[in-house]
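Summary of the model geometry
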Amino acid sequence: AAVSEGDDPASDKSAVRKAGSFKELSILYIELYAKENKKSWWFDEELINRDLLPSLGSKRAHDVTRLDVVAILDGMVRRGAPVGANRTLAVLRKIYSWGIATGRVEMIANPCLEVPKPTKPSSRERVLKDDEIKQFWSKLPEIGIGQYTRFALKFLLITGQRRGEAAML
């Protein structure tokens, strides 16, 4: 019926799925990609809300430039979050790679292209020694936390899982 009236239903659907603002693009990314493909999608959403939307939220998605990206990352490094800046760059790069590949945003190149990581990642090498584990275990009943919190801490220690991983079980 729409075609006989001269309308193009396919273009209406694609218009609905395209992102205008960066905020719209990030919502589409979370809903259509991250929730479907990443166990830690909630981390991406948190990072977007905290670090990207304040600067880019109202900006048109296709108007975001490499300079915008570098300004956000530099600000994060200055405030003392260099590892967070690396993670922000990775998420922003993925948002634009996905958006461009799926036609959600019309751009020739990803604005994160060739933006270097703000800092070199450092690995964590500190692990608890046997006597530290024993002391931790024995002192748990003495500190003012609830029974279920003690159980949760013991569970994390025994399994070696991160808090977020254990919460997803």
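Details of the structure are given in the entry above.
Thresholds applied
- Residues numbered from 1 in each chain as written.
- Predicted model: local features only at pLDDT ≥ 70, side-chain atom pairs only at ≥ 80, totals over all residues.
- Heavy atoms only, no water.
- Axes fitted to C-alpha atoms, helices over the stretch in contact; angles between N-to-C directions.
- Helix = DSSP H or I, 4+ residues; strand = E, 2+ residues; numbered from the N terminus.
- Parallel < 35°, antiparallel > 145°, perpendicular 65-115°, else oblique.
- Left-handed = near helix turned anticlockwise from the far one by under 90°.
- Contact = heavy atoms within 4.5 Å.
- Nonpolar A, V, L, I, M, F, W, Y, C, P; charged D, E, K, R; others polar.
- Salt bridge = Lys/Arg side-chain N within 4 Å of Asp/Glu carboxyl O.
- Buried < 20%, exposed > 50% of the residue type's maximum accessible area, 1.4 Å probe, protein only.
- Bend = angle between axes of the 7 residues up to and from the residue.

1. Comments concerning the packing of helix α4 (residues 66-78) against helix α5 (residues 82-101)
- For the pair α4 and α5, the least separation of the axes is 8 Å and the interaxial angle reads 155 degrees. Comparing their axes, α5 and α4 come out roughly antiparallel. Here α4 and α5 pass one another in a crossing that is right-handed. Each of V69, L73, M76 and V77 in α4 lies in contact with α5, whose residues at this interface are P82, G84, A85, T88, L89 and L92.
- Counted by class, the contact of α4 with α5 contains eight nonpolar, two polar and no charged residues.

2. Overview of the pattern of salt bridges
- Evaluation of the coordinates by the stated rule reveals seven salt bridges.
- Residue E46 is joined to R50 by a salt bridge in which the shortest nitrogen-to-oxygen separation is 4.0 Å. With E46 and R50 both in helix α3 (residues 41-56), this residue pair falls four residues apart, about one helical turn.
- Note on E46: relative accessible area 44%, which makes it partly exposed.
- Exposure remark for R50: the relative accessible area of 46% places this residue in the partly exposed category.
- For the salt bridge of R50 with D51, the shortest nitrogen-to-oxygen distance reads 3.1 Å.

3. With respect to helix α2 (residues 22-37)
- The largest bend along α2 reaches roughly 40 degrees and is located at I30.
- Considered for burial, the residues of α2 that qualify are F22, L25, S26, L28, Y29, I30, Y33 and A34.

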